[in-house]
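# Topology and contacts: notes
Here is what each chain is made of, one letter per residue.
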Amino acid sequence: MTTSMKSNFMPPSLISNLQQVLALKSDATEKHASEPDKVSCHSSSSSSSCCSLLPSEDKQCPKPVVLVTNGEGIDSPGLTFLVQALLDSHLDVYVCAPRSDRSVAGHSVTVGETISVSSAQINGATAFEVSGTPADCVSLALSGALFSNFSRPTLVVSGINRGSSSGINLFYSGAVAGAREALLCGVPSLCISMNWKKDVSCESDMKDAASVCSPLIYATVKGIQDGVFPNSCLLNIEIPWCPSTNKGFKVTKQSQWRSSLSWKAVPTKKHPPPANFMSSQQSLGIQLAQLGREASIAGAARRLNSQHKNVEIESVGVARKMSSQKTIKFYRLELLEEQQENADEDLDIRALEDGFVTITPICLSPNVQSEIQTSVSNWIAGAVLSKNQLAL
C-alpha cells in the first residue's frame, strides 16, 4: 500500500498534517518494541498517533468527537469498517445514519412528517438509525435534540460509501449531502466513497479503504485542533476500486462526469394495479365512513334530480369502475457507469480511475472556490514554512 502524495492543488496544511501523521505511525511502529515507555497516552502504535492529535498529552486528555453518517444505511459494511477504524484510534465516535439505503437521496430533508429514531450498536459506538435522509441524520444529530454527550463534534465523516460520488454524481449523492449539511451547520466534514466495481470489488476492499483513509482523517482532526484546516469547504474523498494498491493521495478538481440515467419500462404483470377496495392499512371504521359519504352523495344526487327523468345518476359502484379504468405504467431508473475519455489528469474521475485516492474540495459557493483555495493555501504555507514543516 503506497502513501505518496501528489501536491496538485493540495493545501499545504493538509500535506504537512498528513505527513506528520504518517511519520508518527511509521516511527511508532519501528520504536514500539524497544521504547514502549515513550508512548504518551496509549500503548499501541495507532493509539500514539491518535493521542498526538489531542490538545494535551496528559492521560486525561479529552478525545475528539467524530460524528459518522452515510448514504447506504446503518447496516452498510463500509460504515461498520469506518467506525471500527475510528474506535481503534481512540476517537469518541457517534453514529447517526439512515435506516435504509438513501444513497441517491441528494440533499432532501423530511419536512412536515414525523421520522422515527431507534438506538443501535456498532462495535460499541453510540449509534442511532433514522427513518430519514442523510441530511436529516446530520441535522438532527447536530441539533442537540438527539445526543446529550456533546454540543458540537470536532468532525463529521460520511462514509464509507459504495460507488463513486465524483463529478456531477455528487449532486445525487446522499452521502455528500450528509457532509454538506454539516458544512452548512459550521462543522468541518469529509465524505468518503470507494469506486466499487461490480463483480470485481468485495467486502474486504471496504476494510482496506478504511485503512487507507485513516491517516487523512487523523490529519484532518489535527488540522482542526490546530486551527489550520480549511473550514469553508468539505473534502470529497474517493478511494480507487483496489484500495491496497492505490498510487497515493491527489487533490483534484470536480469534473463534469456523471452516470447515465436509464429509464426502463417494467411489465404491468410485475406490478398489478391496486384492487377496487380500500387499502388494507386503513381501519374498518375509515372504510365504513368512506362508503357512507359516497352513499350520501349518491342519495343527494338522486333527490335533487328526481324530477328530471332523463338525468343519469351514477352509482357508487359505477364510479369505482370508471376510476379503475385509468392507465397505470411502471418504470425503473438505473444508473449506468460510463468511462471518461480524454479527461484532464487533475479532474476527480480521471485521477480516481488512474488509481489515486482523490481529494476534491467542495465549496458552498463555486464562484469563490479558487479564491478560498488560494488564500487558505498561502496563509497556511507561511505558517508551516516558519516551522520548517512544509515538504511538497
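Figured I'd write up the structure that's included with this text.

Here is what the cut-offs are and how they apply
Residues numbered from 1 in each chain as written. Predicted model: local features only at pLDDT ≥ 70, side-chain atom pairs only at ≥ 80, totals over all residues. Heavy atoms only, no water. Phe/Tyr/Trp six-rings, centres within 6.5 Å; stacked < 30°, edge-to-face > 60°. Helix = DSSP H or I, 4+ residues; strand = E, 2+ residues; numbered from the N terminus. Buried < 20%, exposed > 50% of the residue type's maximum accessible area, 1.4 Å probe, protein only. Lys NZ or Arg CZ within 6 Å of the ring centre and 35° of its normal. Contact = heavy atoms within 4.5 Å. Polar contact = N/O pair within 3.5 Å; in protein donor to acceptor, adjacent residues only side chain to side chain.

### Points about the packing of aromatic side chains
Taken as a whole and assessed by the stated rule, the structure comprises four aromatic pairs. Arranged with centres 4.8 Å apart and planes meeting at 55°, the rings of Tyr94 and Phe150 form a pair that is tilted. You can see Tyr94 sitting in strand E3 (residues 92-98) and its partner Phe150 sitting in the loop between helix H4 (134-143) and strand E6 (155-162), a full 56 residues away along the chain. Like Phe150, Tyr94 is buried. Put simply, the rings of Tyr94, Phe128, Phe147 and Phe150 pair up and form one aromatic cluster. The aromatic ring of Trp196 is capped on one face by Arg162, whose charged end is 4.8 Å from the ring centroid. In this structure, Lys250 packs its charged tip against the face of Phe356, placed 5.0 Å from the ring centre.

### Here we look at the environment of Ser164
Tracing the backbone shows Ser164 in the loop between E6 and helix H5 (174-184). Considered as a pair, Ser164 and Trp241 are 77 residues apart in the sequence and their alpha carbons are 9.5 Å apart. Each residue touching Ser164, except ones within four places of it in the same chain, is listed here: Asn169, Met194, Asn195, Glu238, Trp257 and Leu352. Within the structure, the side chain of Ser164 is placed 2.9 Å from the side chain of Ser166, a separation counted as a polar contact.

### Digging into H4
The element H4 is extensively covered by neighbouring structure, given that seven of its ten residues are classed as buried. What H4 keeps buried is the set Pro134, Ala135, Asp136, Cys137, Val138, Ala141 and Leu142. If you follow the buried residues of H4, they end up packed against strand E2 (65-69), E3, strand E5 (125-130) and H5. Just past H4, the residue Gly144 takes up positive phi, approximately 90°.

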